[in-house]
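# Observations on chain architecture
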Number of protein chains: 2
Amino acid sequence: MIVPNPDRRSERARRAILSAALELCVEESFARLTMEGVAKRAGVGKQTIYRWWPSKSAVLLEAIDDRAGDTLDFPDTGDLVADLRTQMIQLARTLTDPVFAASLRGLIAAAQSDADAAESLYRTLMKPRVELCAERLKKAQQAGQVRPEVAPEDLIELLYAPLYYRLLLQHRPIDEAQIGTILDLIFPSLAPA
Amino acid sequence: MIVPNPDRRSERARRAILSAALELCVEESFARLTMEGVAKRAGVGKQTIYRWWPSKSAVLLEAIDDRAGDTLDFPDTGDLVADLRTQMIQLARTLTDPVFAASLRGLIAAAQSDADAAESLYRTLMKPRVELCAERLKKAQQAGQVRPEVAPEDLIELLYAPLYYRLLLQHRPIDEAQIGTILDLIFPSLAPA
């Protein structure tokens, strides 16, 4: 007798729910996204979703975190600026993916009137990746490529904030030219004297 | 006979509406702000508001643009970094004013699902101030303080995006220390060789 594997069935439902949330967010906007809509598109009951996630923000946050996966990890070729360029170009691709962009813009919007959503967004999506970048910057400091008094967290904000600025204001495109400009403007001043 | 001045009465109504919008946004959040609520608090009819503004975003945008006024203009003492520090500290005060912060965060949130709101926000609030900053930077380039090949608009994003990043993610405070760090990290690399 073949016994259905409940773990595999759960994983299939989980993936269907995350995909449905991403699809609906880009088709209809975050504001119009509902748990009912996600359940219907995923072919599951609404209670299945509520068993795993408390809110549509929570579903979508897990969906984009899954979608980004480890594509935003940092290479380490020994050349810090080359490694940052590689990673930032990958991030630019992610932030200009219409599905990812619609979801992240929706989550950041929700975070403006919901402190728990803001905290979850930072803790789940941003913080682990900030920590990876900080590790890469510390290695570069140990290798004498960046002045030791520079705090990695400050440098990370300077490098990455302009990408999010364009994501949210939409007045200029996020592209490789922007990344080249950021690195060219910041890096000459970071080498030890 | 004293004839009421309709212009002065309009201006009084306009100010009452803008103040009401700012107060209600901080008391109740942008999401819960309604034209009815603003009309009631301002003591005017809802039609008076709709005669001047098409949406709550439009009311609030005019309200914060008025509130910022010319406090974000650029001084010109001849010392670019000192002038930027003065202006950025004033901007930090503005962005940490709870009334201004609640309204701007609400407008940026609304812009994520409304392209017209995004365009108005950039055009009304940001663009005129970006242009003032670009003028100040061009003067500094003419004075030989900044390398001539640096595009002012790129440098402006690098300087200011980290403040908006903290406004929206709320993971670290916007303060004078942040501004000192930004200027210290960027400016050594901008002087002509």
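Thresholds applied
Residues numbered from 1 in each chain as written. Chains lettered and ligands numbered in written order. Predicted model: local features only at pLDDT ≥ 70, side-chain atom pairs only at ≥ 80, totals over all residues. Heavy atoms only, no water. Helix = DSSP H or I, 4+ residues; strand = E, 2+ residues; numbered from the N terminus. Buried < 20%, exposed > 50% of the residue type's maximum accessible area, 1.4 Å probe, protein only. Contact = heavy atoms within 4.5 Å. Areas by Shrake-Rupley, 256 points an atom, 1.4 Å probe, with all protein chains shown as cover. Lys, Arg positive; Asp, Glu negative; His and termini not counted. Charge placed at Lys NZ, Arg CZ, Asp CG, Glu CD. UniProt positions renumbered as here; feature names shortened; annotations may be inferred. Axes fitted to C-alpha atoms, helices over the stretch in contact; angles between N-to-C directions. Parallel < 35°, antiparallel > 145°, perpendicular 65-115°, else oblique. Left-handed = near helix turned anticlockwise from the far one by under 90°. Least-squares fit on C-alpha atoms with pLDDT ≥ 70 in both. Buried area = accessible area lost by both parts, 1.4 Å probe. Salt bridge = Lys/Arg side-chain N within 4 Å of Asp/Glu carboxyl O. Polar contact = N/O pair within 3.5 Å; in protein donor to acceptor, adjacent residues only side chain to side chain. Domains from an automatic or database assignment. 1 Å grid on protein atoms, 1.4 Å probe; cavity = no way out; pocket = protein on both sides within 12 Å on 5 of 7 lines; lining within 4 Å. Points joined across faces, edges and corners; volume = space filled by probe spheres on them. Nonpolar A, V, L, I, M, F, W, Y, C, P; charged D, E, K, R; others polar. Expected span 1.5 Å × (residues − 1).

### Observations concerning the overall build of chain A
- Per the secondary structure count, chain A includes nine helices and zero strands.
- Taken over the C-alpha atoms alone, chain A extends approximately 70 × 45 × 30 Å along its principal axes.
- A total of 193 residues make up chain A; the buried ones form 50% of that total.
- The long-range share in chain A, meaning contacts at least 24 apart out of those at least 6 apart in sequence, stands at 64%.
- Total accessible area computed for chain A in this model is approximately 9400 Å², and 52% of it derives from carbon and sulfur atoms.
- With 24 positive and 27 negative side-chain charges, chain A shows a spacing of 6 Å between the two charge centroids.

### Thoughts on the UniProt feature "DNA-binding region" (unreviewed entry) in chain A
- On the UniProt side, "DNA-binding region" (unreviewed entry) is annotated at positions that read residues 34-53 of chain A here.
- In residues 34-53 of chain A, helix accounts for 75% and strand for 0%; the two terminal C-alpha atoms are 13 Å from one another.

### Remarks on the packing of helix α7 (residues 115-142) of chain B against helix α8 (residues 152-169) of chain B
Residue and element names in this part refer to chain B.
- Remark: α7 packs on α8, axes separated minimally by 9 Å, with the N-to-C direction vectors making an angle of 125°. With respect to each other, α7 and α8 are oriented oblique. α7 and α8 meet at a crossing whose hand is right-handed. Residue-level inspection shows M126, V130, C133, A134, L137, K138 and Q141 of α7 in contact with α8, the latter providing P152, E153, L155, I156, Y160 and Y164.

### Observations regarding the relation of the copies chain A and chain B
- Least-squares fitting of chain A to chain B yields an RMSD of 0.0 Å, with the superposition described by an axial translation of 0.0 Å and a rotation of 180°. The transformation relating the two chain copies, once decomposed into turn and shift, fits a two-fold axis.
- Here 100% of the contact residues of chain A are again contact residues in chain B; the copies associate through an equivalent surface.

### So, the interface of chain A and chain B
- Listed per partner, the contact involves 33 residues of chain A and 33 residues of chain B.
- Buried surface at the junction of chain A and chain B, summed over both partners, amounts to about 3300 Å²; 65% is from carbon and sulfur atoms.
- Counting the contacts that link chain A with chain B gives six salt bridges.
- Ionic pairing is found between D154 of chain A and R172 of chain B, a salt bridge with its closest N-O pair at 3.0 Å.
- On the surface where chain A and chain B come into contact, there are 14 residue pairs in polar contact (both at pLDDT 80 or more).
- Secondary-structure elements contributing two or more residues to the side of chain A that touches chain B are α6 (98-111), α7 (115-142), α8 (152-169) and α9 (176-186) of chain A.
- With 13 residues, the top contributor of residues to the side of chain A that touches chain B is α8 of chain A.

### Concerning the domain arrangement of chain A
Residue and element names in this part refer to chain A.
- Domains assigned within chain A are domain 1 (6-64) and domain 2 (68-189).
- Residue-level contacts link eight residues of domain 1 with 14 residues of domain 2.
- For the pairing of domain 1 and domain 2, the buried interface totals around 970 Å² over both sides, and the portion due to carbon and sulfur atoms is 82%.
- Looking only at domain 1, the three residues that lose the most surface to domain 2 are V26, L61 and I64, adding up to 62% of its buried area.
- At the junction of domain 1 with domain 2, the criterion picks out one residue pair in polar contact (both at pLDDT 80 or more).
- Those elements that provide at least two residues to the side of domain 1 that touches domain 2 are α1 (6-28) and α4 (56-68).

### Focus on the layout of surface pockets
- Computed from the structure, the largest pocket encloses a volume of approximately 510 Å³.
- Taken together, 28 residues make up the lining of the largest pocket; nearest its centre are A109 and Q112 of chain A together with G106, A109 and A110 of chain B.
- When contributions to the lining of the largest pocket are tallied by element, the ones reaching two or more residues are α1 and α6 of chain A together with α1 (6-28) and α6 (98-111) of chain B.
- For the lining of the largest pocket, the element with the highest residue contribution is α6 of chain B, accounting for six residues.
- In terms of residue class, the lining of the largest pocket is built from 15 nonpolar, nine polar and four charged.
- Its boundaries defined by the atoms lining it, the second largest pocket holds a volume of some 210 Å³.

### A closer look at α4 of chain A
Residues and elements named next belong to chain A.
- Between its terminal C-alpha atoms α4 stretches 18 Å, which fits the 18 Å expected from 13 residues at 1.5 Å a residue.
- For α4, the set of buried residues is S57, V59, L60, L61, A63, I64 and A68.
- Directly beyond the C-terminal end of α4, a positive phi value near 50° is found at G69.

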